Amino acid sequence: MAGETTTSVDRSTSDGMLGRLRKALEGPNTLGQGRPFWLGFTVLVALLLVYPMFRSSYYVSNTAYLLVSAFLGLSLCIVWGYTGIFSFGQVAFYGIAGYTFGIVSINVTGPAGTMAGLLVGIAVSGAFAFLVGYFMFYGGVSDVYVAIITLAVTLVLNTFMGQTAGEEWAVGAARLGGFNGMTEIPSLALGVGDAAVEITDLAFYYFVVGALLLTYLGLRVLVNSDIGYVMVGIRENQDRTELFGYDTQKTKLGVFTFGGVLAGFGGVVYASWGNYIDPSVFGLTFAALPIIWVATGGRKWLSGAIVGTFAVTFISQKLSVFGGQYSLVILGALLLFVILILPEGFVPQLAKKLPALLDRTGGGDS
Amino acid sequence: MTTSESEITESTADDTLLRTEGLTKRFGGLVAVDDVNLDVERGEIRCLIGPNGAGKSTLLKLLVGQLTPSDGQIYYDGEDITGYSQHDRARSGLSMKFQVPAVYGDLSVRQNVHIPLQREVSRKRIDVAIEETLDEFGLLDAAETRAADLSHGQQQWLEIAMASALDPDLLLLDEPAAGMSVRETEKTAEYVHRLNEERGMTLLVIEHDIDFVRAIAQSVTVLHRGEVFAEGTIEDIENDPDVRRIYLGEVRE
């Protein structure tokens, strides 16, 4: 520790702001710290940026889809991993925002409509999360029932949206479409009039990479801030934290609402990516996936959630090539394996082992 | 000088930090705390003793708001806090160490102290403040240890360190010396004295270990079957034949 202080002092004057930035981004509530981590991080970001030059547009689009899932994974990570609220319903906020985006952008044509759809979609999913959270946290619902209530809400939405096949189920020009889903959702476009850029293909990929990067860094600042400490305190022992003078119910409600917003952003981007959304986003299978992603990667860490989401989604895509439902069986087995053998997930385990491994190969630079 | 009644109540209100009036808690047919009138003076160390099931822990839970009283009032610093939420009570200067040490097991000792201390200290100063706090309770060497890996005694001290990090006016300690060796108990008594003398805290302490009570108590309240049974100095209490009897389980009503 003392060594690190001296090096930051030794380095030149421009270090003041950079040092302060690093201080905000680092702390015990995130795994990656120090120069080696940020070096690796920069390399990873650079790889993501040049990736489209080496792959066909199909792969780029698919990778973008995997990255979209990471918003869902991150939202569960801060709600469950950091604050200990076991939500089975993050997909509900994802789906609600996706449908809302569709309804708004189909009715209000042009880039303005899609931008409004983005904002309204996020706002509606956030408001819905606030409502559900308010009744749970202020209604004195115990922790176990939070999972059941959030899952029930999700499944009710699944059933409800499934029966909207009839012509009468339309909001303006937007038909809900029952189990066939809502079609012809426009792609997100940013800008005004002729200067608007439609966010598709390559632009979509870079949009998602940029948004994910900002979200990740923003969340790092959040979880290492005072609020982050309170979140972790609630996860570890809510009664103890309450008696330190923190309004823990309010914090839980705030985090849950923010989780709804984050999942909602993912949902909007997802609906824009496929120009389509259907009630399977509220299905039991999809509801279970974020839990598997985040648990596998390491729910208590942002990086664990992202890596877990990306890796598990990637693997299950590869598996499903061999035959529809088998991939789900294997994912279930994976979840069991993680819970029994690596309850903290793969990423923290790796982070623990990595320095020792580097030492053995003589790779460490300090 | 006039010694009107109102003046007397005013002056007592000034010296009394915590007062309960007719505080009662019923669980179905069981009256765990029965019409308790308690006055804790500003700056004193008060011990709350009594046989198992006397209602001591229930009383503390009523004070911090973990339980809602069936009847009665709680006044803190002259203010009626009976309806206050737990966090509002903590914010008005009341802090507590739980009976079973409630530390954040999965976090390092440093992080444990960070959580309450960030209420009092800015980010700039917090690293220094954490180390001062840990040093005060002999935990500096264990700063990076997972709290769950500490010994039982160290966990007790860690939680006392955390509860006192809020700089409360009134610190409630539920069995701070339970499960400790003689040496550790002496250490704990030392910490309690220091919090009282150097940091000016008023302490209300539940304890079974009579040696520990002797070492710290400036006054003692005996609870029995939910009621205040006796009150006085430790000498008064130890020489009270009735108190001796209830501890031997011989009292009949």
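Here we summarise the structure given alongside this text. Predicted, not measured: the structure shown is a model, and the values here were computed from it. Per chain, residues are indexed from 1 in the order of the written sequence. Labels follow written order: the first chain is A, the first ligand is 1, and so on. With pLDDT at 70 or above as the cut-off, local features in this predicted model cover only qualifying residues; side-chain atom pairs require 80 or more to be listed or tallied, and sums for whole chains, interfaces and linings still use all residues. Side-chain measures here rest on the full set of heavy atoms in the structure, leaving out hydrogens and waters.

Further remarks concern the pattern of salt bridges. Here, a salt bridge means any Lys or Arg side-chain nitrogen found within 4 Å of an Asp or Glu carboxyl oxygen. Counted according to the given criterion, the structure contains 23 salt bridges over all chains. Close ionic contact of D106 of chain B with R146 of chain B constitutes a salt bridge, the shortest N to O distance being 3.0 Å. Remark: R146 of chain B occurs in the loop between α5 (123-136) and α6 (152-165) and D106 of chain B occurs in the loop between β6 (94-97) and α4 (109-117); sequence separation between them is 40 residues. Members of the salt-bridge network, linked through shared partners, are K300 and E344 of chain A together with D106, R146 and D149 of chain B. Helix and strand definitions here come from DSSP, where helices need a minimum of 4 consecutive H or I residues and strands a minimum of 2 consecutive E residues; each element is numbered from the N-terminal end.

Attention shifts here to the pairing of strand β1 (residues 16-27) of chain B. All names here are of chain B. In this analysis, strands are considered paired if DSSP registers two or more bridges between them. Summarising the sheet, β1 and strand β2 (residues 30-41) pair through 8 bridges and their orientation is antiparallel. Directly across from R26, in β2, lies its bridge partner V31. Adjacent in sequence and paired antiparallel, β1 and β2 are bridged by 2 residues, among which G28 carries a positive phi angle near 60°. As defined by bridge partners, β1 adjoins strand β4 (residues 71-76) across 5 bridges and the pair is classed as antiparallel. Looking at β4, one finds that L18 is bridged to Y76.

What describes a pair of aromatic rings is the distance from one ring centre to the other and the angle between the planes of the rings. Working definition: rings of Phe, Tyr and Trp (its six-membered ring) pair if their centres are within 6.5 Å, and the pair is stacked with planes under 30 degrees apart, edge-to-face with planes over 60 apart, and tilted otherwise. Across all of its chains, the model carries 26 aromatic pairs over all chains by this definition. On the numbers, 5.6 Å between centres and 90° between planes, the contact of W157 of chain B with Y191 of chain B is edge-to-face. Of the two residues, W157 of chain B sits in helix α6 while Y191 of chain B sits in helix α7 (residues 182-197), which places them 34 residues apart along the sequence. By the burial criterion, W157 of chain B is buried, and Y191 of chain B matches it. Put simply, the rings of Y65, Y94, Y270, W273 and F286 of chain A pair up and form one aromatic cluster. A positively charged side chain is recorded as over a ring if its NZ (Lys) or CZ (Arg) lies within 6 Å of the ring centre. The angle to the ring normal must also be within 35 degrees. R55 of chain A extends its terminal NZ or CZ atom over the ring of Y59 of chain A, reaching a point 4.3 Å from the ring centre. When the ring centre of Y246 of chain A is taken as origin, the NZ or CZ atom of R119 of chain B, which lies over that ring, is 4.9 Å away. Only protein chains enter the calculation, and the probe is 1.4 Å; a residue is then buried if its accessible area is under 20% of its type maximum, exposed if over 50%, and partly exposed in between.

Bringing the interface of chain A and chain B into the picture now. The interface is formed by 23 residues belonging to chain A together with 25 residues belonging to chain B. By convention, the term buried area covers the 1.4 Å-probe accessible surface removed from two parts as they join, with the contributions of both added. Each partner contributes to the roughly 2,200 Å² buried at the junction of chain A and chain B, and carbon and sulfur atoms together form 54% of this total. There are 3 salt bridges connecting chain A and chain B. Here D226 of chain A makes a salt bridge to R123 of chain B, at a shortest N to O gap of 3.4 Å. In the analysis that follows, any N or O atom pair within 3.5 Å is treated as a polar contact, provided that within protein one partner can donate a hydrogen and the other can accept it, and provided that, for residues neighboring in sequence, both atoms belong to side chains. Remark: the boundary between chain A and chain B carries 17 residue pairs in polar contact (both at pLDDT 80 or more). For the side of chain A that touches chain B, the elements supplying multiple residues, two or more each, are α9 (226-236) and α10 (238-242) of chain A. With 7 residues, the top contributor of residues to the side of chain A that touches chain B is α9 of chain A. In the side of chain A that touches chain B, the residues fall into 7 nonpolar, 7 polar and 9 charged. Between two residues, a contact is recorded if the distance between any of their heavy atoms is within 4.5 Å. Under this grouping Gly is polar, as are all residues other than the nonpolar Ala, Val, Leu, Ile, Met, Phe, Trp, Tyr, Cys and Pro and the charged Asp, Glu, Lys and Arg.

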